[in-house]
Amino acid sequence: MAHYHASVKSGAKGTGAAHAQYIERGGRFSVEKFGEIGPSERGNLPEWAMGSAARFFAAADEHERANGSAYREFELALPRELTDGERVQLVRGFVAQEIGERHAYVWAIHEPKGANPHVHIMFSERTRDGIERGEQQYFKRANTQAPERGGCAKSQAFSGGMTGAERKAALEAFRERWTLAQNLALEHAGLDVRVDHRSLEAQGIEREAGQHRGPAISGIEARGQVAECSVRRAAE
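This structure is a prediction, so every number in the text was calculated from the model and none was measured.

Reading the values: rules and limits
Residues numbered from 1 in each chain as written. Predicted model: local features only at pLDDT ≥ 70, side-chain atom pairs only at ≥ 80, totals over all residues. Heavy atoms only, no water. Helix = DSSP H or I, 4+ residues; strand = E, 2+ residues; numbered from the N terminus. Buried < 20%, exposed > 50% of the residue type's maximum accessible area, 1.4 Å probe, protein only. Contact = heavy atoms within 4.5 Å. Areas by Shrake-Rupley, 256 points an atom, 1.4 Å probe, with all protein chains shown as cover. Core = buried A, V, L, I, M, F, W, Y, C linked by side-chain atoms within 4.5 Å. Salt bridge = Lys/Arg side-chain N within 4 Å of Asp/Glu carboxyl O. 1 Å grid on protein atoms, 1.4 Å probe; cavity = no way out; pocket = protein on both sides within 12 Å on 5 of 7 lines; lining within 4 Å. Points joined across faces, edges and corners; volume = space filled by probe spheres on them. Nonpolar A, V, L, I, M, F, W, Y, C, P; charged D, E, K, R; others polar. Polar contact = N/O pair within 3.5 Å; in protein donor to acceptor, adjacent residues only side chain to side chain. Phe/Tyr/Trp six-rings, centres within 6.5 Å; stacked < 30°, edge-to-face > 60°. Lys NZ or Arg CZ within 6 Å of the ring centre and 35° of its normal.

Caption draft 1: Summary view of the overall build of the chain. Across its full length, the chain holds seven helices and six strands. When the elements of the chain are put in sequence order from the N terminus, they spell out β-α-α-β-α-β-α-β-β-α-α-α-β. Within the chain, the proportion of its 236 residues that are buried is 49%. For the chain, contacts bridging at least 24 residues in sequence account for 70% of all contacts bridging at least 6. If you sum the accessible surface of the chain, you get close to 11,600 Å²; carbon and sulfur atoms cover 48% of it.

Caption draft 2: Fine view of the nonpolar core. If you look at the biggest cluster of nonpolar residues, it comprises 26 residues, and the most contacted ones within it are Phe74, Leu76, Trp107, Val119, Ile121 and Trp178. Put simply, the parts of the chain that give this core at least two residues each are strand 1 (4-12), strand 3 (69-77), helix 4 (84-98), strand 4 (105-110), strand 5 (118-123) and helix 6 (164-188). If we skip the residues at most four places from it in the chain, Val119 touches Phe74, Glu75, Leu76, Leu78, Val91, Trp107, Ala108 and Ile109. Phe56, Ala60, Met122 and Cys152 belong to the second-largest nonpolar core, a separate cluster that totals 22 residues.

Caption draft 3: Up close: the pattern of salt bridges. Tallied over the full model, the rule gives 14 salt bridges. The closest approach of N and O atoms between Arg92 and Glu41, which form a salt bridge, is 2.5 Å. Of this pair, Arg92 sits in helix 4 while Glu41 sits in strand 2 (residues 37-43), and the two are 51 residues apart along the sequence. For Glu41, a relative accessible area of 24% gives the class partly exposed. The closest approach of N and O atoms between Arg133 and Asp129, which form a salt bridge, is 2.8 Å. Look at Arg133 and you get buried, because its relative accessible area is 5%. On the basis of relative accessibility, which here comes to 39%, the residue Asp129 falls in the partly exposed class. Salt bridges sharing partners connect three or more residues here, namely Glu64, Arg72, Glu125, Arg126 and Lys154.

Caption draft 4: The arrangement of the layout of surface pockets in detail. Of the volumes computed, that of the largest pocket is approximately 210 Å³. Elements with a minimum of two residues in the lining of the largest pocket: helix 4 and helix 6. Classifying every residue of the lining of the largest pocket gives seven nonpolar, four polar and two charged.

Caption draft 5: Focus on the side chain of Asn44. Within the fold, Asn44 resides in the loop between strand 2 and helix 3 (53-63). For Asn44, the side chain forms a polar contact with the main-chain oxygen of Gly100, separated by 2.8 Å. Among the polar contacts listed, one links the side chain of Asn44 to the backbone oxygen of His103, at a separation of 2.7 Å. Residues in contact with Asn44, not counting those within four places in the same chain, are Ile99, Gly100, Glu101, Arg102, His103, Ala104, Tyr105 and Arg128.

Caption draft 6: Highlighting the packing of aromatic side chains. A complete count under the given rule lists 15 aromatic pairs for this structure. Look at Phe56 and Phe57: their rings are 5.0 Å apart centre to centre, the planes differ by 85°, and that puts the pair in the edge-to-face class. Aromatic side chains Tyr138 and Phe139 sit 5.0 Å apart centroid to centroid with 55° between the ring planes, which places their arrangement in the tilted category. For the pair Tyr138 and Phe139, one class covers both residues: buried. Just above the ring of Tyr22 sits the side chain of Arg25; from NZ or CZ to the centre is 5.0 Å.

Worth remembering: the numbers are spatial, not functional.
Given below as structure tokens:
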């Protein structure tokens, strides 16, 4: 059975632009110092961002409320058994499923040739609704009575408005969806290996689980991030 790792994180106001640069190896995050990346893509950026994820998240850093999050991020291990092209197809399909046209995003595959290929999917919680807004208005509080006067509403998928039990259930459902997406990709590739998001105990396996610490995990505190869920389980 293949390795499994999935985490959902939030980034504090003031950390968005730098993290977007880290993902794409821009600014001070040079390839020489931080390593090469594989394919990357951006999507759903408003016109004022001029096609730049770093520009978009710099605006989030500036205009989100003081105690708000500048972004959310999925960090997902990718099956080593898949080819480069198959991993890209897996990521694109999952982004289409989880983000679609609703949120501005950027993703990039890190360690594409290494022992730990994984993808960073960074996105705004702000939900696009078809109304054109300027940079500052985009991040204002939403106005349910007159949407054109307020900002883009924030998704509640992993954040506010949930009890602890509801948030745990949402994260577990997310992990299961990522499991299904990977296993479908492995099946289509004609491979017998599968991943499982459940604990070893739930799988009936009696041994200590391995724990994954990707390059972003070790620097969470330094970049002002808060890790909500980070799990890697191996059952080979």
